[in-house]
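Understanding the architecture of this molecule
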Amino acid sequence: MLEYRISDWDEAYANGSNIARGERWPAAWAGPAEAFRSALSAAGRARLDLAYGARPRNRTDLFLPEGAARGLVVFVHGGYWLQLDKSYWSHLAAGALAHGYAVAMPSYTLCPDVRIAEIVREVATAIGEAAKIVDGPLMLTGHSAGGHLVSRMVTATSPLVPEVRRRIRNVVSISGLHDLRPLLSTAMNGKLAIDEAEALAESPALLRPMPDARITCWAGGNERTEFLRQNALLANIWTGLGATTAAVVEPDRHHFTIVDGLGEAKHPLTRTLLSD
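Report follows, based on the coordinates. If you're wondering where the values come from, they're calculated on a predicted model, not measured in any experiment.

Turning our attention to the layout of surface pockets. Roughly 270 Å³ of volume is contained in the largest pocket. Lining of the largest pocket is provided by 19 residues; of these, Asn15, Tyr80, Gln83, His255 and Phe256 occupy positions nearest its centre. Residues of the lining of the largest pocket, tallied by class, amount to nine nonpolar, ten polar and no charged. Roughly 170 Å³ of volume is contained in the second largest pocket. Along the walls of the second largest pocket sit Ala124, Thr125, Gly128, Glu129, Ala131, Lys132, Pro159, Leu160, Val161, Glu163, Val164 and Arg167, which together make up its complete lining. Residue assignment for the lining of the second largest pocket shows that the elements contributing at least two residues are α4 (116-133) and α6 (162-167). Classifying every residue of the lining of the second largest pocket by side-chain character gives six nonpolar, two polar and four charged.

A few words now on the nonpolar core. Core analysis: the largest hydrophobic core is formed by 54 residues, its most contacted members being Leu72, Trp81, Ile127 and Leu140. Put simply, the parts of the chain that give this core at least two residues each are β3 (72-76), β4 (102-106), α4, β5 (138-143), α5 (145-152), β6 (168-174), β7 (214-220) and α9 (225-239). Among the elements that line this core, the one with the most residues is α4, at nine residues. Setting aside chain neighbours within four positions, we find Trp81 in contact with Tyr108, Leu110, Cys111, Ile116, Ile119, Ala145, His148, Leu149, Leu177, Leu180, Leu183 and Leu192. In terms of nonpolar packing, the next biggest core, distinct from the first, is built from 29 residues, Ala96, Tyr101, Val103 and Ile174 among them.

With that settled, the discussion passes to the side chain of His77. Mapping His77 onto the fold places it in the loop between β3 and α3 (94-98). Setting aside residues no more than four positions away along its own chain, His77 makes contact with Arg57, Gln83, Leu84, Asp85, Lys86, Trp89, Pro106, Ser107, Tyr108, His143, Ala145 and Gly146.

Taken as a whole and assessed by the stated rule, the structure comprises seven aromatic pairs. Residues Phe75 and Trp89 carry aromatic rings whose centres are separated by 5.6 Å and whose planes lie at 45 degrees to one another, so their mutual orientation is tilted. In this pair, Phe75 is assigned in strand β3 and Trp89 in the loop between β3 and α3, connecting sequence segments 14 residues apart. Taking the centre distance of 6.4 Å and the plane angle of 50 degrees together, the rings of Tyr80 and Trp81 count as tilted.

With that settled, consider empty space enclosed by the protein. Under the defined criterion, the tally for this structure stands at one cavity of 30 Å³ or more. In this structure, the largest cavity encloses a volume near 60 Å³. Taken together, Val73, Phe75, Leu92, Ala93, Ala96, Val103, Met105, Thr141, Leu262 and Leu273 form the lining of the largest cavity. Every element with two or more residues in the lining of the largest cavity is listed here: β3 and β4. Tallied by class, the residues present in the lining of the largest cavity amount to nine nonpolar, one polar and no charged.

Before going further, it helps to spend a moment on unusual backbone geometry. Residue Pro26 follows Trp25 across a cis peptide bond; omega there is 5 degrees. As for its position among the elements, Pro26 is in the loop between α1 (9-12) and α2 (27-42). In this structure, Pro112 follows Cys111 across a cis peptide bond, with omega equal to 10 degrees. Inspection of the secondary structure assignment puts Pro112 in the loop between β4 and α4. Notably, Ser144 is not glycine yet its phi reads approximately 60 degrees, a positive angle. By secondary structure assignment, the location of Ser144 is in the loop between β5 and α5. Ser144 sits in the buried class, given a relative accessible area of 3%.

Taken as a whole and assessed by the stated rule, the structure comprises 16 salt bridges. Salt-bridge contacts for Arg121 lead to Glu118; the nearest nitrogen and oxygen are separated by 2.9 Å. Of this pair, Arg121 and Glu118 both sit in helix α4, three residues apart, roughly one helical turn. When its relative accessible area of 44% is taken as the criterion, Arg121 is described as partly exposed. One continuous salt-bridge network, built from bridges that share partners, spans Arg55, Glu118, Arg121 and Glu122.

What counts, and at which threshold
- Just so you know, the residues in each chain are numbered from 1, in the order the chain's sequence is written.
- pLDDT decides what is reported in this predicted model: residues at 70 or higher carry local features, side-chain atom pairs at 80 or more are listed and counted, and totals for whole chains, interfaces and linings draw on all residues regardless.
- The side-chain quantities take in all heavy atoms of the structure and omit both hydrogens and water.
- With a 1 Å grid spanning the protein atoms alone, the term cavity applies to any set of points in which a 1.4 Å probe fits but cannot get out, the term pocket to an open set with protein on both sides within 12 Å along at least five of seven lines, and the term lining residue to any residue with an atom within 4 Å of a point.
- Grid points are joined across faces, edges and corners, and a volume is the space filled by probe spheres set on the points.
- Under the scheme applied, nonpolar residues are Ala, Val, Leu, Ile, Met, Phe, Trp, Tyr, Cys and Pro; charged residues are Asp, Glu, Lys and Arg; polar residues are all the others, including Gly.
- The helix count covers DSSP runs of H or I at least four residues long, the strand count covers runs of E at least two residues long, and both are numbered beginning at the N terminus.
- To define a nonpolar core, start from buried Ala, Val, Leu, Ile, Met, Phe, Trp, Tyr and Cys residues and group those joined through side-chain atoms within 4.5 Å.
- Think of it in three bands: with a 1.4 Å probe and only protein chains considered, a residue is buried below 20% of the maximum accessible area for its type, exposed above 50%, and partly exposed in between.
- We call two residues in contact when some of their heavy atoms are within 4.5 Å.
- In this scheme Phe, Tyr and Trp rings, the latter by its six-membered ring, pair at centre separations within 6.5 Å, and the angle between planes marks the pair as stacked below 30 degrees, edge-to-face above 60, and tilted otherwise.
- Salt bridge, as used here: a side-chain nitrogen of Lys or Arg that lies within 4 Å of a carboxyl oxygen of Asp or Glu.

In structure tokens form, the structure reads like this:
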């Protein structure tokens, strides 16, 4: 019988050190994102640094399609709730924009300045404010910690207001962290400060989905084993709780390249996000 037990939780959740030339990221995203913002700004289709709250990082970039928007996509960035911001991801709006959807990308306050529960509330506020600007159906997607945050938006205890919840058509969690309990055993929890109570309250996999929730969990075939497990976990559990779910493992993608499909109009990731 083959048995498996994780003894090094830091290694289990270490991405860059387990990817060939992984040190290229996140810097590799910065140039394409800046060029994209500049081009959209020159075309009058970018509204940058829109405030949704009082804290310095409570800012959203909103990218607009040509003509009237068919609806709104919100992308929430990752970085283990500890790093990065909206400026690294702008180019990933290209796929949805090509289909006529507006795309909002918020930053949020990072740990340890706030706890994860407060980040959840900030993201809900950011989504709500963007939804006031753009009408129509609402699609949510996020990467890694951002996958956790968008999944949390469609739980039964979602902080979203009811009128925004009703507009959500689809959620795609990309390499999402859906059960926070393993992170209690990592060194990064010295800054995250997750305790058992917060893990139970803020882990989508430990919560019920809201009625009519629809979610796709999407990960790369070359991800760490824990990310593949977390990807399958939420889809599995929520299927048994009445949600419409799917779990996808995209071949030949790792934790940093798995988001690239959002920048392509015809990529299956973009098509899944925008599907009816």
